[in-house]
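Each chain, written out:
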Amino acid sequence: MVLAQLGGTISRALQQMSNATIIDEKVLNECLNEITRALLQSDVQFKLVRDMTTNIKKIVNLDDLAAGHNKRKIIQQAVFNELCKILDPGKPAYAPKKGKPSVIMFVGLQGSGKTTTCTKYAYYHQKKGWKPALVCADTFRAGAFDQLKQNATKAKIPFYGSYMESDPVKIAVEGVERFKKESCDLIIVDTSGRHKQEASLFEEMRQVAEATKPDLVIFVMDSSIGQAAFDQAQAFKQSVAVGAVIITKMDGHAKGGGALSAVAATKSPVIFIGTGEHMDEFEVFDVKPFVSRLLGMGDWSGFMDKIHEVVPMDQQPELLQKLSEGNFTLRIMYEQFQNIMKMGPISQVFSMLPGFSAELMPQGQEKESQAKIKRYMTMMDSMTDDELDSSNPKLMTDSRIMRIARGAGRHVREVMDMLEEYKRLAKIWSKMKGLKIPKKGEMSALSRNMNA
Ligand code: GDP
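The paragraphs below set out a description of the structure included in this document. This is a predicted model, so every value here is computed, not measured. (Residues numbered from 1 in each chain as written. Predicted model: local features only at pLDDT ≥ 70, side-chain atom pairs only at ≥ 80, totals over all residues.)

**Some thoughts on the sheet that holds strand 5 (residues 216-222)**
Part 1 of the argument: Pairing is mixed across the open sheet formed by eight strands, whose spatial order is 3-2-4-1-5-6-7-8. One side of each edge strand has no neighbouring strand; the edge strands of this open sheet are strand 3 (159-160) and strand 8 (282-284).
Part 2 of the argument: In this structure, strand 2 (residues 132-137) lies alongside strand 4 (residues 186-191), joined through six bridges in parallel fashion. The residue bridging Ala133 from the neighbouring strand is Ile187, located in strand 4.
Part 3 of the argument: Along the sheet, helix 10 (residues 229-239) makes contact with strand 1 (102-107), strand 5 and strand 6 (242-248), crossing strand 5 at roughly 155°.
Part 4 of the argument: Of the strands in this sheet, strand 5, strand 6 and strand 7 (270-274) are in contact with helix 11 (residues 258-266), which crosses strand 6 at around 170°. (Pairing = 2+ DSSP bridges. Helix = DSSP H or I, 4+ residues; strand = E, 2+ residues; numbered from the N terminus. Contact = placed C-beta atoms within 7 Å. Axes fitted to C-alpha atoms, helices over the stretch in contact; angles between N-to-C directions.)

Right, here's the structure in full:
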């Protein structure tokens, strides 16, 4: 996701500003210009960006900065708050209740990932003990019913549709009635899309909504549509009562800034994001952790959740223990690299950490990252136990570096790069010193401490 690059650019702009000896209006403006450029390049709508920088200028008091307060933190916090404000429309989406029937209607352009997302949404809730059902009211696209049927069958979710009936309203009403009778608590109606916004699409949506009276209309948007996001989202909102947004294909090379625009245009929150073609590549969307990650501030609560989710039970205490000691040795780095290479999922854990994600393992460059990690490991194979177990980089004299390079058949420069990487990760790791090992569900307090 290119949003990760946005985080990197913003962090660099903030870093450059805090390196300046005097912070005056000119330096602040340069920093904000850099941030503006980064946001525009990520396809965030121009007006949103302009409003955001105006607000930051109003909030940030230059006298405070000049007085030597932590400039980077003050501005980072202002950027953080403004991005959160854009992504938080101020009112939560309708929350269906387990055991009570809710009708959820999905709308979006053809190809946005609507049908796939309907099943993901159903599957997500089914795993949590809900009784979802799928209704295919897409009579426009040939093969839509087959696709939904196939997905639903795979996930063992009841479905309704017709090969003969061409009236989407009729199918939607019949499907909803049937599943209400069967005591389903989440009745998901997939509607038709079109290649582009057009009157017939909106008219059909309006009719289906009128007939089925959905409790929630979810607008599905492909993250790669770029600057068109705002207008597209607004057009849908003007036709039906969109109450929530799901952004798909966040795994690809899309710039992702459209998510911000869609929220602003629909005044509705993003509730999930799609991160792949598979049924379980679907994540709940939380504003604050998302923006934290975006700005390279890390997502500590997500990090702990992921540890519980993907690290095998028997390895969790050891990993957390090492984290709490805050003593990052080259051996720990080696072991974590081994985990990344072996298990794959642990890379998801570390993608939550600032630094690990954007620089060591940028999204979309997994192959290159793996090759780099492999090279680092070969170099570490040429180290002595003392070197691996030390957390003192001064131990690495020139002669040792030359010996390691020779032993691994690599250049001295590469060994130095690897040691730089170690220092960078050690700095991140040291923030976790004193970490209390929390149980699942105790993450928010921890996250507050960590971000402080
Ligand atoms: P619809 O026309 O809006 O119903 O779109 P589909 O559900 O048929 O999806 C269009 C294409 O996008 C399919 O090939 C899906 O597999 C793919 N797709 C949907 N969601 C995602 C996602 O989150 N990530 C990726 N990579 N592909 C997705």
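**Looking at unusual backbone geometry**
Note on backbone geometry: most residues besides glycine have negative phi, and most peptide bonds are trans.
Part 1 of the argument: Residue Lys249 is not a glycine yet carries a positive backbone phi of 60°.
Part 2 of the argument: C-beta crowding within 10 Å serves as the criterion here: with 22 such atoms nearby, Lys249 is assigned to the buried category.
Part 3 of the argument: If you check the backbone angles, Lys267 has positive phi at about 50° while not being a glycine.
Part 4 of the argument: Tracing the sequence through the fold places Lys267 in the loop between helix 11 and strand 7.
Part 5 of the argument: Judged by the 14 C-beta atoms lying within 10 Å of it, Lys267 falls in the partly exposed class. (Buried ≥ 20, exposed ≤ 12 C-beta atoms within 10 Å, placed from the backbone.)

**Focus on the nonpolar core**
Part 1 of the argument: Judged by nonpolar contacts, the single largest core of 82 residues is most densely connected at Leu134, Val135, Ile187, Ile188, Val189 and Phe219.
Part 2 of the argument: Here this core takes six residues from helix 11, the largest share from any one element.
Part 3 of the argument: Of the domains in this structure, domain 1 (3-87) and domain 2 (102-290) are the two that each give at least three residues to this core.
Part 4 of the argument: If we skip the residues at most four places from it in the chain, Phe219 touches Val107, Gly108, Ala233, Phe236, Val242, Val245 and Thr266.
Part 5 of the argument: Tyr376, Ala408, Val415 and Trp429 belong to the second largest nonpolar core, which has 16 residues in total. (Core = buried A, V, L, I, M, F, W, Y, C linked by C-beta atoms within 7 Å. Domains from an automatic or database assignment.)

**Details of the site of the ligand**
Part 1 of the argument: The local shell around the ligand holds 17 residues, among which Gly113, Lys114, Thr115, Thr116 and Gly274 are the closest.
Part 2 of the argument: Each residue belonging to the shell around the ligand can be placed in one class, and the counts come to no nonpolar, 13 polar and four charged. (Near = placed C-beta within 6 Å. Nonpolar A, V, L, I, M, F, W, Y, C, P; charged D, E, K, R; others polar.)

**What to know about helix 9 (residues 199-212)**
Part 1 of the argument: Taking 1.5 Å per residue, 14 residues should reach 20 Å; helix 9 reaches 20 Å between its end C-alpha atoms and fits that length.
Part 2 of the argument: Taken together, the buried residues of helix 9 touch strand 1, strand 2, helix 8 (168-181), strand 4, strand 5 and helix 10.
Part 3 of the argument: Immediately beyond the C-terminal end of helix 9, within one or two residues, lies Lys213, with a positive phi of roughly 45°. (Expected span 1.5 Å × (residues − 1).)

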